[in-house]
Amino acid sequence: MSLLLKQSLHPTNQKEVDAFKRLKKRFGCALCDKVFEDGDLFRFVYANGTANAHCGNFFVCDKCDGPDVLERGIENYKLAVAGAKRWNIYGPDWMKY
Ligand SMILES: [Zn+2]
């Protein structure tokens with residue numbers, strides 16, 4: 001398994017940051033606005049195996065991490081979807097990461 005998908009907190013590196021930049025994808029915490037930079041602690045949260053976790057897998061920073069991070073990720077996603085629908089911007093291109 002690549003280090004990127006390691007499910008415990010570990011520091012990111014410039015290579016990972018650059019790879020996400022190249023793909024023009026947001027590499028940051030799903031629960032706050034933090035975008036990861038070289039050396040920031042982060043963790044990959046595997047959600048695809050959880051029923052009703054429509055948020056999909058996501059990353060969190062060390063400050064947002066905790067035992068209930070998966071529940072908070074799901075809740076956060078529901079709020080984001082509700083907001084996007086309210087503003088009429090919800091669609092296939094809506095989630096860019
Ligand atoms: Zn965070």
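Residues numbered from 1 in each chain as written. Predicted model: local features only at pLDDT ≥ 70, side-chain atom pairs only at ≥ 80, totals over all residues.

J.: What is the right way to look at the nonpolar core in this model?
T.: Soluble, globular proteins show a tendency: their nonpolar side chains are buried together. Judged by nonpolar contacts, Phe27, Cys29, Ala30, Leu31, Phe36, Phe42, Val45, Cys55, Phe58, Phe59, Val60 and Cys61 together constitute the single largest core of twelve residues. Listed by contribution, the elements that provide at least two residues to this core are strand E2 (41-45) and strand E3 (58-61). At four residues, the largest contribution of residues to this core is made by E3. Setting aside residues no more than four positions away along its own chain, Val60 makes contact with Cys29, Ala30, Leu31, Phe42, Arg43, Val45, Asp65 and Val69. (Core = buried A, V, L, I, M, F, W, Y, C linked by C-beta atoms within 7 Å. Buried ≥ 20, exposed ≤ 12 C-beta atoms within 10 Å, placed from the backbone. Helix = DSSP H or I, 4+ residues; strand = E, 2+ residues; numbered from the N terminus. Contact = placed C-beta atoms within 7 Å.)

J.: Just to check I follow, could you spell out the sheet that holds strand E1 (residues 10-11) for this structure?
T.: Paired through backbone hydrogen bonds, the strands of a sheet run either parallel or antiparallel to each other. Here three strands make up an open sheet; going across it, the order is E1-E2-E3 and the pairing antiparallel. Lying at the two open borders of the sheet, with one neighbouring strand each, are E1 and E3. Here E1 pairs with E2 via two bridges, running antiparallel. Bridging across to E2, His10 finds its partner in Phe42. (Pairing = 2+ DSSP bridges.)

J.: I keep staring at the environment of Phe42 and nothing clicks. Help me out?
T.: Along the chain, Phe42 turns up in strand E2. By the C-beta count within 10 Å, which is 23 here, Phe42 ends up buried. Separated by 34 residues in the primary sequence, Phe42 and Asn76 have C-alpha atoms spaced 18 Å apart. Discounting residues that sit within four places of it in the chain, Phe42 has contacts with Leu9, Thr12, Phe36, Phe59, Val60 and Cys61.

J.: Teacher, can you tell me more about unusual backbone geometry here?
T.: If you check the backbone angles, Asn52 has positive phi at about 65° while not being a glycine. In this structure, Asn52 sits in the loop between E2 and E3. Positive phi values are uncommon outside glycine, yet Asn88 reaches one of about 60°.

J.: Sorry if this is basic, but what is going on with the environment of Asp40 here?
T.: Looking at the element boundaries, Asp40 is found in the loop between helix H1 (14-22) and E2. A tally of 17 C-beta atoms within 10 Å means that Asp40 is categorised as partly exposed. Put simply, Asp40 and Pro11 are 29 residues apart on the chain and 5.1 Å apart in space, counted from C-alpha to C-alpha. Look past the residues within four positions of Asp40 in its chain and what remains in contact with it is Pro11, Thr12 and Cys61.

J.: What is the right way to read H1 from this model?
T.: Note: α-helices contain 3.6 residues per turn, so residues at a spacing of three or four share the same orientation. Burial of H1 is sparse: only zero of the nine residues sit out of reach of the surface. Directly after H1, the chain includes Lys24, whose backbone phi takes a positive value near 55°.

J.: What is the right way to look at helix H2 (residues 69-86) in this model?
T.: If you check H2, its first and last C-alpha atoms are 25 Å apart, about what 18 residues at 1.5 Å a residue would give, namely 26 Å. Phi turns positive, to about 60°, at Asn88, one or two residues after H2. (Expected span 1.5 Å × (residues − 1).)

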